[in-house]
Structures are given as structure tokens and as C-alpha cells.
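# Analysis of the macromolecular model
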Amino acid sequence: MNRTALFALAFGGLTVGAGGAAFADTDETATECSVSSLDGSYVYSAMGTLAGEPYASAGIMSFDGDGNLAILASRSVEREQLTQSGTYSIESNCSASMEVADGTINDLYLGPAGQSFKFVRVSGEDVVVGEAERVTTGFVGEPPGP
């Protein structure tokens, strides 16, 4: 076997192995969403106004793929780390709704593979928008109870 063929075989094997590991938990060909589309932990950032004042937030949202979520975040209002829990539901057209235990409701829009999403607050008078990107298919922190 010549060097070029050997290199191609070795490189091809590494590429398939690495690619398989990287995409094993996502379906890049999916065209519809379900509650399991959000499964894992996402880093996010959000900005807007809260009670008429400038607002920013960043943290980790973890989804269990079964409709429950947990959030670990820092917000410009409290200026300390907070935890929250909540629930979410997803329509087949990849629009979703997330309700946090304090009553805050956000609409989400995600891709079928669930790799990222955009969100906007739809409850109350506040204006908050943000983006989130999956960083692991695992759950960061303690999963919410049933």
C-alpha cells in the first residue's frame, strides 16, 4: 500500500471516529422537533429591560429531554448566582415555551437537532431576549425532580 493510500485510510478513520463522537447525540437531518430536542446543557446570555431598567443575564440552562429544566445564572439585578427550575414544551415546528417556577414565560425557537435556540420573554412588561448554545448533552448540576 502506498503512503497516500495509507494516509487517506488513516485520516478517513480518524475523521469518521471523531465525527461520529461529535454528532452521535444529534440528528443533523431531523426536520421536526419534540420535547427530546432540548436535551443537555446550554450556555446562554440575555439582555433587555426589567422594570424599565437595563438588564443582563448569563448562565447555564439544563434540559432533561422530558420537559423539565434547571437554570444556574447570574443576573444584573441581584448580582449573585441564582438557581431556578421549570418546565418546557416543544411543538413539531420547533417553537417552544419555557415556564420558570417564578412564573416567567419565554418563547423559544430552536433547530431540530437542538444545538442552539433563541428566546424572548412573553410574560409581564419586561423586554428580554437571548441566545443559547448546547455545550454538553449531559445535565449540568442537579436535574430537577419529577
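Our subject is the structure listed above.
Residues numbered from 1 in each chain as written. Predicted model: local features only at pLDDT ≥ 70, side-chain atom pairs only at ≥ 80, totals over all residues. Heavy atoms only, no water.

## A closer look at the overall build of the protein
In terms of regular secondary structure, the protein is built from one helix and eight strands. When the helices and strands of the protein are listed from N to C terminus, the series reads α-β-β-β-β-β-β-β-β. Across the 146 residues of the protein, 33% fall into the buried class. In the protein, 42% of the contacts between residues at least 6 apart in sequence involve partners at least 24 apart. When the accessible area of the protein is evaluated, it comes to approximately 8,700 Å², of which 56% is carbon and sulfur surface. (Helix = DSSP H or I, 4+ residues; strand = E, 2+ residues; numbered from the N terminus. Buried < 20%, exposed > 50% of the residue type's maximum accessible area, 1.4 Å probe, protein only. Contact = heavy atoms within 4.5 Å. Areas by Shrake-Rupley, 256 points an atom, 1.4 Å probe, with all protein chains shown as cover.)

## Some thoughts on the sheet that holds strand β8 (residues 127-136)
Sheet architecture is closed into a barrel: eight strands sit in the order β1-β2-β3-β4-β5-β6-β7-β8, paired in antiparallel fashion. In this sheet, neighbouring strand axes are inclined to one another by 30° on average, regardless of whether the strands run parallel or antiparallel. When strand β4 (residues 81-90) meets strand β5 (residues 95-100), the two strands line up antiparallel, connected through five bridges. For T87, the partnering residue across the bridge sits in β5 and is E99. (Pairing = 2+ DSSP bridges. Axes fitted to C-alpha atoms, helices over the stretch in contact; angles between N-to-C directions.)

## Observations regarding empty space enclosed by the protein
Counted according to the given criterion, the structure contains one cavity of 30 Å³ or more. Empty space within the largest cavity amounts to approximately 170 Å³. In terms of lining residues, the largest cavity is bounded by 17 residues, among which Y44, Y55, Q84, N106 and R121 are the most central. For the lining of the largest cavity, the secondary-structure elements that each account for two or more residues are β1 (39-50), β2 (53-64), β3 (68-75), β5 and β7 (116-121). (1 Å grid on protein atoms, 1.4 Å probe; cavity = no way out; pocket = protein on both sides within 12 Å on 5 of 7 lines; lining within 4 Å. Points joined across faces, edges and corners; volume = space filled by probe spheres on them.)

## Digging into the nonpolar core
Judged by nonpolar contacts, the single largest core of 24 residues is most densely connected at L38, Y44, M61, F63, M98, L110 and F117. Elements that contribute at least two residues to this core include exactly β1, β2, β3, β4, β5, β6 (105-110), β7 and β8. In contact with F63, not counting residues within four places along its chain, are L38, D39, G40, Y42, N68, L69, Y88, M98, F117 and F139. (Core = buried A, V, L, I, M, F, W, Y, C linked by side-chain atoms within 4.5 Å.)

## Things to note about the pairing of β3
Extensive coverage of β3 is indicated by the burial of six of its eight residues. In this sheet, β3 lies alongside β2 in antiparallel orientation, the contact comprising seven bridges. Within β3, the residue paired with I60 across the bridge is L72. Where β2 folds back on β3, the antiparallel hairpin that results is connected by three residues, among which G65 adopts a positive phi of roughly 75°. Across seven bridges, β3 lies against β4 in antiparallel orientation.

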